[in-house]
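Summary of the model geometry
What follows is the residue order along each chain.
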Amino acid sequence: DVKVTQSSRYLVKRTGEKVFLECVQDMDHENMFWYRQDPGLGLRLIYFSYDVKMKEKGDIPEGYSVSREKKERFSLILESASTNQTSMYLCASSLYISPQHFGDGTRLSIL
Amino acid sequence: AQSVTQLGSHVSVSEGALVLLRCNYSSSVPPYLFWYVQYPNQGLQLLLKYTTGATLVKGINGFEAEFKKSETSFHLTKPSAHMSDAAEYFCARDEGAQKLVFGQGTRLTINP
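To keep things clear, this report deals only with the structure shown in the data block. In this text, all values refer to a predicted model and were calculated from it rather than measured experimentally. (Residues numbered from 1 in each chain as written. Chains lettered and ligands numbered in written order. Predicted model: local features only at pLDDT ≥ 70, side-chain atom pairs only at ≥ 80, totals over all residues. Heavy atoms only, no water.)

As a further point, take the state of the cysteines. Residue and element names in this part refer to chain A. Applying the stated rule across the entire model yields two disulfides over all chains. Paired by a disulfide, Cys-23 and Cys-91 hold their sulfur atoms 1.9 Å apart. Across the S-S bond linking Cys-23 and Cys-91, the dihedral sits near -75°, which makes this disulfide left-handed. Within this pair, whereas Cys-23 is found in strand 4 (residues 23-25), its partner Cys-91 is found in strand 10 (residues 87-94), the two being separated by 68 residues in sequence. For the pair formed by Cys-23 and Cys-91, the shared burial category is buried. (Disulfide = S-S within 2.5 Å. Helix = DSSP H or I, 4+ residues; strand = E, 2+ residues; numbered from the N terminus. Buried < 20%, exposed > 50% of the residue type's maximum accessible area, 1.4 Å probe, protein only.)

If you want it as structure tokens, here you go:
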């Protein structure tokens, strides 16, 4: 079974902090994705990556950046956290054609 | 923009009753379509997928969905609801390049 592991289930940070969310997958998948999930809005794509050191903007990249130095790891970075970035963040990976496999999510609160 | 619309943000059924969760998509070409389920405090788990071929797709936990091109629909059904089916359900389409577009989700409640 594919395992997508997000480093934290719950995280509380302060406004202005730089925040790192980590995601690791164990199935040698090329593709990795970061979403945020908000009530009534479903999942929205922040960034994705098809290969190491490669990244593409999704639908809502503003205020975020990503890093993919190794194939199995995809990090989401909030450069200067703001309260409107309080949300559930989900990481996913896939091999060529989807379906995507999801981690359990990180519930991030920005105070 | 191509999109996915789930009709009804909340659906409530009695245990043993039919479950019907509606999903419509907009697309200029036949899409790949998916249903995912999310249990509380967990990530999304794939229920079923449609790529090509048979339009009636069977998934896990007794769920199935039918791709209807003429109606641009991919509704999810289960003949008899179980308490363990209570969760949030997401319909999604692959818009190409392995990117998924999700509907807003439908929360399913099962009444005893």
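Turning our eyes to something else, we now look at the interface of chain B and chain A. With 20 residues of chain B at the interface, the matching set in chain A holds 23 residues. Interface area for chain B against chain A, summed over the two sides, is near 1,700 Å², with a carbon-plus-sulfur share of 54%. The largest share of the area that chain B buries against chain A comes from Asn-41, Gln-98 and Lys-99 of chain B, three residues that together contribute 33% of it. For the pair chain B and chain A, the number of links is zero salt bridges. The interface formed by chain B and chain A contains four residue pairs in polar contact (both at pLDDT 80 or more). Breaking the side of chain B that touches chain A down by element, the ones donating at least two residues are strand 4 (32-38), strand 5 (44-50), strand 9 (87-96) and strand 10 (99-102) of chain B. Per-element accounting of the side of chain B that touches chain A gives the leading share, four residues, to strand 4 of chain B. A class-by-class count of the residues in the side of chain B that touches chain A yields nine nonpolar, seven polar and four charged. (Contact = heavy atoms within 4.5 Å. Buried area = accessible area lost by both parts, 1.4 Å probe. Salt bridge = Lys/Arg side-chain N within 4 Å of Asp/Glu carboxyl O. Polar contact = N/O pair within 3.5 Å; in protein donor to acceptor, adjacent residues only side chain to side chain. Nonpolar A, V, L, I, M, F, W, Y, C, P; charged D, E, K, R; others polar.)

Residues and elements named next belong to chain A. In this structure the tally under the stated criterion is 10 salt bridges over all chains. Notably, a salt bridge pairs Asp-38 with Arg-36, separated by 2.8 Å at the nearest N-O pair. Accessibility expressed as a relative area gives 12% for Asp-38, which makes it buried. Here Asp-38 ties to Arg-44 by a salt bridge, and the two come within 2.8 Å at their closest N and O atoms.

Turning our eyes to something else, we now look at the sheet that holds strand 6 (residues 56-58) of chain B. Residues and elements named next belong to chain B. With antiparallel pairing, the five strands of this open sheet are ordered in space as 1-3-8-7-6. The sheet terminates laterally at strand 1 (4-7) and strand 6, the two strands that pair on one side only. Adjacent strand axes in the sheet meet at a mean angle of 20°, parallel and antiparallel pairs treated alike. Bridge count between strand 1 and strand 3 (residues 19-25): four bridges; the pairing is antiparallel. Counted as the bridge partner of Leu-7 is Arg-22 from strand 3. (Pairing = 2+ DSSP bridges. Axes fitted to C-alpha atoms, helices over the stretch in contact; angles between N-to-C directions.)

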